[in-house]
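Single-letter residue listing:
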Amino acid sequence: MISLNSHLDIINTSFATVCNDDDILTFEGLNKSCELLKKNNSFSACWGTGLKVETKNNDPFGNITQLKNTKSNFEYNDKIEFLYDIARVGGYDVIFCLQDKNNFQKIIKFACQFDCEIFQSIAMNFMMVLTANFKLINELYLIRHNHDSRDITSLRADPYIWFTEKNFSNDLKKFIELFTIEIKNKENLSLDQSEIIIKK
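Parameters at a glance
Residues numbered from 1 in each chain as written. Predicted model: local features only at pLDDT ≥ 70, side-chain atom pairs only at ≥ 80, totals over all residues. Heavy atoms only, no water. Pairing = 2+ DSSP bridges. Helix = DSSP H or I, 4+ residues; strand = E, 2+ residues; numbered from the N terminus. Core = buried A, V, L, I, M, F, W, Y, C linked by side-chain atoms within 4.5 Å. Buried < 20%, exposed > 50% of the residue type's maximum accessible area, 1.4 Å probe, protein only. Contact = heavy atoms within 4.5 Å. Axes fitted to C-alpha atoms, helices over the stretch in contact; angles between N-to-C directions. Left-handed = near helix turned anticlockwise from the far one by under 90°. Nonpolar A, V, L, I, M, F, W, Y, C, P; charged D, E, K, R; others polar. Parallel < 35°, antiparallel > 145°, perpendicular 65-115°, else oblique. Salt bridge = Lys/Arg side-chain N within 4 Å of Asp/Glu carboxyl O. Phe/Tyr/Trp six-rings, centres within 6.5 Å; stacked < 30°, edge-to-face > 60°. Lys NZ or Arg CZ within 6 Å of the ring centre and 35° of its normal.

Asker: Just checking my understanding: could you explain the pairing of strand β6 (residues 134-145) for this structure?
Answerer: In the case of a regular strand, side chains alternate between the two sheet surfaces. Examined bridge by bridge, strand β2 (residues 23-25) and β6 share three bridges and lie antiparallel to one another. Following the sheet pairing, L25 is matched in β6 by L142. In terms of strand pairing, strand β3 (residues 45-55) meets β6 through eight bridges, oriented parallel. The residue bridging A45 from the neighbouring strand is F134, located in β6.

Quick look at the structure:
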């Protein structure tokens, strides 16, 4: 996250996204998403369907042994309901959308306010949901290799470790405070109503 944040100023395209080293963004998915965003300014983010793969012996260059679709319909823009849905989505994070460069930069900078990796990830997705208008296209967009022992951290392997992180309490408090304000501003709700939503 630190590296990503420190290189935001070198983005010189209209749109941006994230692609991890064990993921593949397809040419057709990116190209069609880009074309849609150029032609329709009512949307600020676009992506297609996803595919998870497992390989023989977890070799990143090995033969594919299993495929799993990760389709999710993000065409509607009811922000409050969308926020709930995205909190339950696993694996196919919205941050992978091709999106407006300025919004992408804002989201990454926002997420960097948190110390814990999991809070950073959740913050990216929630901010994306609150600030972007999505379009899902019927095109394979992202191929993800399942995480394994090559790069999995103890935090990913055992989510309960999250609660023992030194900065968990501070990050949780900060998360509630910051998103209460964000939801209030985006949804025209009171602070109390916004806090109820984020605490759920």
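Asker: I keep staring at the nonpolar core and nothing clicks. Help me out?
Answerer: Side chains of nonpolar character tend, in soluble globular proteins, to be buried together. In terms of nonpolar packing, the biggest core is built from 44 residues, with M128, F175 and F179 touching the most fellow members. When residues of this core are assigned to their parent elements, the largest contribution, eight residues, is made by helix α5 (residues 117-131). Once residues lying within four places of it in the same chain are set aside, the contact partners of M128 are A45, V94, I95, C97, Q99, I107 and F134.

Asker: Hey, could you run me through the packing of helix α4 (residues 101-111) against α5 in this one?
Answerer: Each pair of packed helices gets described by two things: the angle between the helix axes and the distance between those axes. One way to put it is that α4 packs onto α5 with a least axis distance of 9 Å and a crossing angle of 145°. Helix-helix and strand crossings are classified by hand; for α4 and α5 the assignment is right-handed. Side by side, α4 and α5 meet where N103, K106, I107, I108, F110 and A111 of the first sit next to Q120, A123, M124, M127, M128 and T131 of the second. When grouped by side-chain class, the residues that make up the contact of α4 with α5 number eight nonpolar, three polar and one charged.

Asker: Even after reading the chapter, I still don't get the pairing of β3, so can you show me in this structure?
Answerer: With nine of its 11 residues buried, β3 lies for the most part within the structure. Two strands pair when backbone bridges link them, and β3 and strand β5 (residues 98-100) are joined in this way by two bridges, in the antiparallel orientation. Bridge pairing links C46 to L98 in β5.

Asker: Quick question: what am I supposed to make of the packing of helix α7 (residues 168-187) against helix α8 (residues 191-199) here?
Answerer: Where α7 meets α8, the axes come as close as 8 Å, and the angle between the chain directions of the two elements is 125°. In this view, α7 runs oblique relative to α8, as classed from their interaxial angle. As α7 runs across α8, the sense of the crossing is right-handed. Packed against α7, whose contacting residues are F175, I176, F179, T180, I181, I183 and K184, the element α8 presents L191, S194, E195, I197, I198 and K199 at the interface.

Asker: Can you help me understand the pattern of salt bridges in this one?
Answerer: One side chain can pair with another of opposite charge once the charged atoms of both are near each other. All told, the structure shown has one salt bridge when counted by the stated rule. The partner of K32 in a salt bridge is E139, with the nearest N and O atoms 2.7 Å apart. With K32 in helix α2 (residues 27-39) and E139 in strand β6, the pair connects residues that are 107 residues apart, well separated along the chain.

Asker: Explain the packing of aromatic side chains to me, please; I cannot follow it from the model alone.
Answerer: Across all of its chains, the model carries nine aromatic pairs by this definition. Relative to F168, the ring of F119 has its centre 5.7 Å away and its plane inclined at 45°; by these criteria the two rings are tilted. Note that F119 is positioned in helix α5 and F168 in helix α7, a separation of 49 residues in sequence. Exposure class is identical for F119 and F168. Each is buried. Across from the ring centre of F114, 5.9 Å away, lies the NZ or CZ of K174, which sits over that ring.

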